Amino acid sequence: MARSDNYYAATLMIASMAAFTLNDAVMKLMAGQVPLFQLVFLRGAMTTVAVGFLLLLLGQVKRGLDNKDWGWIGLRTFAEVAATFFFLSALFNMPIANVTAILQALPLTITLAAAIFLQEPVGWRRVTAIVIGFLGVLLVVRPGAADFNAYSLYALAAVGCVTVRDLATRKLSPKTPSVLVMFINSLAVTLVFGSVTFASPWVPMTSETIGLTVTAAILIVGAYLFSIMVMRVGEIAFVAPFRYTGLLWAMLLGLVLFGEWPDTVTLLGAAIIVASGLFMFYREASLRAQQSSTK
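Rules of the game
- Residues numbered from 1 in each chain as written.
- Predicted model: local features only at pLDDT ≥ 70, side-chain atom pairs only at ≥ 80, totals over all residues.
- Heavy atoms only, no water.
- Phe/Tyr/Trp six-rings, centres within 6.5 Å; stacked < 30°, edge-to-face > 60°.
- Helix = DSSP H or I, 4+ residues; strand = E, 2+ residues; numbered from the N terminus.
- Lys NZ or Arg CZ within 6 Å of the ring centre and 35° of its normal.
- Patch = residues over 30% accessible without salt bridge, like charges linked within 9 Å, V, L, I, M, F, W, Y side chains within 5 Å.
- Areas by Shrake-Rupley, 256 points an atom, 1.4 Å probe, with all protein chains shown as cover.
- Salt bridge = Lys/Arg side-chain N within 4 Å of Asp/Glu carboxyl O.
- Buried < 20%, exposed > 50% of the residue type's maximum accessible area, 1.4 Å probe, protein only.
- 1 Å grid on protein atoms, 1.4 Å probe; cavity = no way out; pocket = protein on both sides within 12 Å on 5 of 7 lines; lining within 4 Å.
- Points joined across faces, edges and corners; volume = space filled by probe spheres on them.
- Nonpolar A, V, L, I, M, F, W, Y, C, P; charged D, E, K, R; others polar.
- Axes fitted to C-alpha atoms, helices over the stretch in contact; angles between N-to-C directions.
- Parallel < 35°, antiparallel > 145°, perpendicular 65-115°, else oblique.
- Left-handed = near helix turned anticlockwise from the far one by under 90°.
- Contact = heavy atoms within 4.5 Å.

Further remarks concern the packing of aromatic side chains. Applying the stated criterion to the full structure yields twelve aromatic pairs. Between the aromatic rings of Phe20 and Tyr224, the centroid separation amounts to 5.3 Å while the plane-to-plane angle is 90 degrees, which identifies the pairing as edge-to-face. Of this pair, Phe20 sits in helix α1 (residues 3–29) while Tyr224 sits in helix α9 (residues 207–233); the two residues are 204 residues apart in sequence, bridging distant segments of the chain. Three or more aromatic residues joined by ring pairs make a cluster, and in this case those are Phe37, Phe85, Phe86, Tyr151, Tyr154 and Phe193. It is Lys28 that lies over the ring of Phe258; its NZ or CZ is 5.5 Å from the centre. We note Arg243 situated over the ring of Tyr244; from NZ or CZ to the ring centre the distance is 5.9 Å.

Next up, the structure:
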């Protein structure tokens, strides 16, 4: 693969992380003004329409899904809905950088879960990196400390849900269109959160909150599109480390928009998580290179 392709993919990954984090910041700006379920329903409705249009544009509606994929799609969708609830609940009640730091443990949890449930080989070096990374998570969460935020547990629950979602994604047929999966998930989130919204009083929205909700919908669609394009352009081993730029975006936006800055212990924990993840990516790339050289 050409080096220019990898650089392009790295740029797309950085753009994807920026869009995801900006979306998070925009949603957090509306915390306390509009109920969580109402916000997610409105954002989801706009996102579903946009993704549905993209699905039609790409002509992937007729391709459908293999019968064996429906079970995995159901599990993935359930995990997506739960992850949305837990993540946004944590985001609305914690500094954005802290929540994002906890989510950086995802490569570690996915690798561990794949080893346990999918029997994917994981050597002692990566197991050690996972253990060290989890120690970093404990530094960010700090259970039992005086400044412990119970919503950290929601962020951890979101990590668990996203791990299940990604493992279910690995079991899908390679022929299953990514945009179709994205549409099903977006529709499910919209319907679930909408059903709760319409069962409770509707809070009137100002022109500002409407504009922010539209912005969030545009950002989340862009983020997903960029992330799909990344997988189609660059080498995963080269591109994957750039996902950690999301933490840099979160720290910057937390400072500028909310006046938040992580304390020293949180920064240390985040650094340990990122370092463990980077080692994981390096080790996986080394193993792939060794396997290729022996063929």
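In this section: a nonpolar patch on the surface. Residues Ile14, Leu29, Trp249, Leu252, Leu255, Val256, Leu257, Trp261 and Leu267 make up a contiguous nonpolar surface patch of roughly 780 Å² in combined accessible area. For the nonpolar patch, the secondary-structure elements that each account for two or more residues are α1 and α11 (245–258). Per-element accounting of the nonpolar patch gives the leading share, five residues, to α11. Counting through the fold element by element, Ile14 comes out in helix α1. Residue classification places Ile14 among the partly exposed positions, given a relative accessible area of 31%.

Turning to the layout of surface pockets, a few remarks are in order. Approximately 160 Å³ is the volume attributed to the second largest pocket. What lines the second largest pocket is a set of 15 residues, and nearest its centre among them are Asn98, Arg142, Asp147, Asp263 and Thr266. Broken down by class, the residue content of the lining of the second largest pocket amounts to seven nonpolar, four polar and four charged.

Take the packing of helix α5 (residues 106–117) against helix α6 (residues 124–141) next. Viewed as axis vectors pointing N to C, α5 and α6 meet at an angle of 135 degrees, and their least axial separation amounts to 10 Å. One element, α5, and the other, α6, form an angle in the oblique class. Handedness of the α5/α6 crossing: left-handed. Residue-level contacts link Leu108, Thr109, Thr111 and Leu112 of α5 to Ala129, Ile130, Gly133 and Phe134 of α6. Residues of the contact of α5 with α6, tallied by class, amount to five nonpolar, three polar and no charged.

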